[in-house]
There are 2 protein chains.
Amino acid sequence: MTNTRQAINFSEKLAKITDLWQPRVIAEMNDYQFKVVRIEGDFIWHDHVDTDETFIVLRGQLRIDFRDGAVSIGPGEMFVLPKGVEHKPFAEKEVYLLLIEPRGVLNTGHAGGDRTAQNDIWV
Amino acid sequence: MTNTRQAINFSEKLAKITDLWQPRVIAEMNDYQFKVVRIEGDFIWHDHVDTDETFIVLRGQLRIDFRDGAVSIGPGEMFVLPKGVEHKPFAEKEVYLLLIEPRGVLNTGHAGGDRTAQNDIWV
């Protein structure tokens, strides 16, 4: 799936995405996936019991709420969310995000519900 | 090692690095490491037989030479180098790079030699 001889441009990939909260795969490294996603507003509380999850902010300011605090992540910054930690992403204005996590991880963890995005959609 | 409640700023980390070709760990996700590195000039031919390796360019223009071609990667771009592919990074001017690969991967693969950097040094 990964084009082995061409760089992947984040902005070009994000320009092809029109819907919010729908992660799109842009590359794979071993059994991990790189996904870009546009988000705005509130998400739901969830966790990923089996894996850490990495957030790299490409544009905007992301806040991740925890049950006992929050972290703010801006452009040029990353954050590794440890597995099992309940969290809720929030973006007051639109945020462009790069996610890195193992193949098969759902955006809602095991919380499920109508905010669950389809997996393995490439852009 | 990873501070679980604070964003990691790439520029701040890179500002602490003065030597070239010495990757420094800034975060871990499961058994993977995120490393920042400043490079300029030529590296050696090598490969990583057991794992893919991800390059994200933060500043400058990186070229990765293959035995049968090359790829150019600029700011806001990434490239996943498949395992087992011989390659040689090259930066005509200084490049700031984010590397993602499993813990324990050496910068020279199994080529060894005096360009091999010490592993697991955090910044």
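Residues numbered from 1 in each chain as written. Chains lettered and ligands numbered in written order. Predicted model: local features only at pLDDT ≥ 70, side-chain atom pairs only at ≥ 80, totals over all residues. Heavy atoms only, no water.

**Thoughts on the overall build of chain A**
Condition: Think of it this way: any DSSP run of H or I at least four residues long counts as a helix, any run of E at least two long counts as a strand, and we number them from the N terminus. Based on C-alpha atoms, the radius of gyration is set beside the globule rule, defined as 2.2 Å times the residue count to the power 0.38. Note on exposure labels: buried denotes an accessible area under 20% of the residue type's maximum, exposed denotes more than 50%, and partly exposed covers the range between, all computed with a 1.4 Å probe on protein chains only. Per-residue and other accessible areas follow the Shrake-Rupley method at a 1.4 Å probe size, with only the shown protein chains counted as cover for residues. In this tally, Lys and Arg are treated as positive and Asp and Glu as negative; His is ignored, and so are the chain termini. Think of each charge as sitting on NZ of Lys, CZ of Arg, CG of Asp or CD of Glu.
Of regular secondary structure, chain A possesses one helix and eight strands. Starting at the N terminus and walking to the C terminus, you meet the elements of chain A as β-α-β-β-β-β-β-β-β. Taken over the C-alpha trace, chain A has a radius of gyration of 14 Å; the compact-globule value for 123 residues is 14 Å, and the two agree within 12%. The burial tally for chain A puts 52% of its 123 residues in the buried class. Within the structure as shown, chain A displays about 5,500 Å² of accessible surface, and the carbon and sulfur contribution to it stands at 46%. Taken as two groups, the 14 positive and 19 negative side-chain charges of chain A have centres that lie 6 Å from each other.

**A short note on the packing of aromatic side chains**
To keep it simple, the criterion reads: Between the rings of Phe, Tyr and Trp (Trp by its six-membered ring), a pair exists once the centres lie within 6.5 Å; its type follows the angle of the planes, with under 30 degrees stacked, over 60 edge-to-face, and the other angles tilted. The criterion for a charge sitting over a ring is simple: Lys NZ or Arg CZ within 6 Å of the ring centre, and within 35 degrees of the ring normal.
Enumeration over the complete set of coordinates arrives at five aromatic pairs over all chains. Centroid distance Tyr32(A) to Tyr32(B): 4.3 Å. Interplanar angle 50°. Geometry classified as tilted. Taken together, the residues Tyr32(A) in strand 3 (residues 32-42) and Tyr32(B) in strand 3 (residues 32-42) connect one chain to another. For the pair formed by Tyr32(A) and Tyr32(B), the shared burial category is buried. Geometrically, the ring pair formed by Trp21(B) and Phe43(B) is stacked, given 4.6 Å between the ring centres and 20° between the ring planes. Residue Trp21(B) is found in the loop between helix 1 (10-15) and strand 2 (24-29), and its partner Phe43(B) is found in the loop between strand 3 and strand 4 (53-59); the two are separated by 22 residues along the sequence. For Trp21(B), a relative accessible area of 11% puts it in the buried group. Taking the ring centre of Trp45(B) as reference, the NZ or CZ of Arg67(B) above it sits at 3.9 Å. Here the guanidinium or amino end of Lys88(B) rests over the ring plane of Trp45(B), the centre of that ring lying 6.0 Å away.

**Here we look at the pairing of strand 3 of chain A**
Residue and element names in this part refer to chain A. Inclusion rule: A pair of strands is considered paired only if DSSP assigns at least 2 bridges between the two.
Taking burial as the measure, the 11 residues of strand 3 include eight buried ones, the bulk of the element. Relative to strand 3, strand 2 (residues 24-29) runs antiparallel, the two sharing five bridges. Each residue of the ladder has a partner; that of methionine 29, found in strand 3, is tyrosine 32. Where strand 2 hands over to strand 3, the hairpin turn is made up of two residues, of which asparagine 30 adopts a positive phi near 55°. As paired strands, strand 3 and strand 8 (residues 88-102) are joined by 10 bridges and run antiparallel to one another. From the neighbouring strand, tyrosine 32 faces strand 8, where its bridge partner is proline 102.

**Thoughts on the interface of chain B and chain A**
For interface size, the figure often reported is the accessible area lost on association. This is how it is decided: Any two residues having at least one pair of non-hydrogen atoms within 4.5 Å are treated as being in contact. The term buried area means the drop in 1.4 Å probe accessible area that two parts suffer when joined, counted for both and summed. Note on definitions: salt bridges are taken to be side-chain nitrogens of Lys or Arg within 4 Å of carboxyl oxygens of Asp or Glu. In protein, a polar contact requires one atom able to donate a hydrogen and another able to accept it; more generally it is a pair of N or O atoms within 3.5 Å, and residues adjacent in sequence count only if both atoms are side-chain atoms.
Contacts between the two partners involve 36 residues from chain B, matched on the other side by 36 residues from chain A. For the pairing of chain B and chain A, the buried interface totals around 2,900 Å² over both sides, and the portion due to carbon and sulfur atoms is 60%. Taken together, the links from chain B to chain A amount to two salt bridges. We note a salt bridge from Arg5(A) to Asp68(B), for which the minimum N-O separation is 2.8 Å. There are 14 residue pairs in polar contact (both at pLDDT 80 or more) connecting chain B and chain A. Of all the elements in the fold, those that place two or more residues in the side of chain B that touches chain A are strand 1 (8-9), strand 2, strand 3, strand 4, strand 6 (69-73), strand 7 (77-81) and strand 8 (87-102) of chain B.

**What to know about the relation of the copies chain B and chain A**
For the record, the criterion: The copies were overlaid with a least-squares fit restricted to C-alpha atoms from residues scoring a pLDDT of at least 70 in each copy.
Turning chain B through 180° and shifting it by 0.0 Å along the axis lays it on chain A, with an RMSD of 0.0 Å. Given the turn and translation reported, the copies of this chain are related as if by a two-fold rotation axis. Here 100% of the contact residues of chain B are again contact residues in chain A; the copies associate through an equivalent surface.

**Describing the UniProt feature "domain: Cupin type-2" (unreviewed entry) in chain A**
What counts is decided by this rule: UniProt positions are given in the numbering used here, feature names are shortened, and annotations may be inferred rather than shown by experiment.
Following the UniProt record, the feature "domain: Cupin type-2" (unreviewed entry) maps to residues 42-94 of chain A here. End-to-end, the C-alpha atoms of residues 42-94 of chain A are 11 Å apart, and along that stretch the chain is 0% helix and 57% strand.

**Some points on the environment of Thr54(B)**
Within the element layout of this structure, Thr54(B) appears in strand 4. Distance from Thr54(B) to Leu81(B), taken between C-alpha atoms, is 6.1 Å for residues 27 residues apart in sequence. With residues near it in sequence (within four places) discarded, Thr54(B) still touches Met29(A), Phe34(A), Met78(B), Phe79(B), Val80(B), Leu98(B), Leu99(B) and Ile100(B).

**A few points about the layout of surface pockets**
We count it as follows: A pocket here means an open set of points on a 1 Å grid, computed over the protein atoms alone, that has protein on both sides within 12 Å along at least five of seven lines. A cavity is instead a set of points where a 1.4 Å probe fits but cannot get out; residues with an atom within 4 Å of a point line either one. Grid points are joined across faces, edges and corners, and a volume is the space filled by probe spheres set on the points. Asp, Glu, Lys and Arg are counted as charged, while Ala, Val, Leu, Ile, Met, Phe, Trp, Tyr, Cys and Pro are counted as nonpolar; the rest, among them Gly, fall into the polar class.
By volume, the largest pocket is sized at about 290 Å³. As for the largest pocket, its lining consists of 17 residues, of which Gly76(A), Phe10(B), Val57(B), Leu58(B) and Gly76(B) are closest to the centre. Among the elements of the structure, strand 4 (53-59) of chain A together with helix 1, strand 4 and strand 8 of chain B are those that each provide at least two residues to the lining of the largest pocket. Tallied by class, residues from the lining of the largest pocket come to 13 nonpolar, three polar and one charged.

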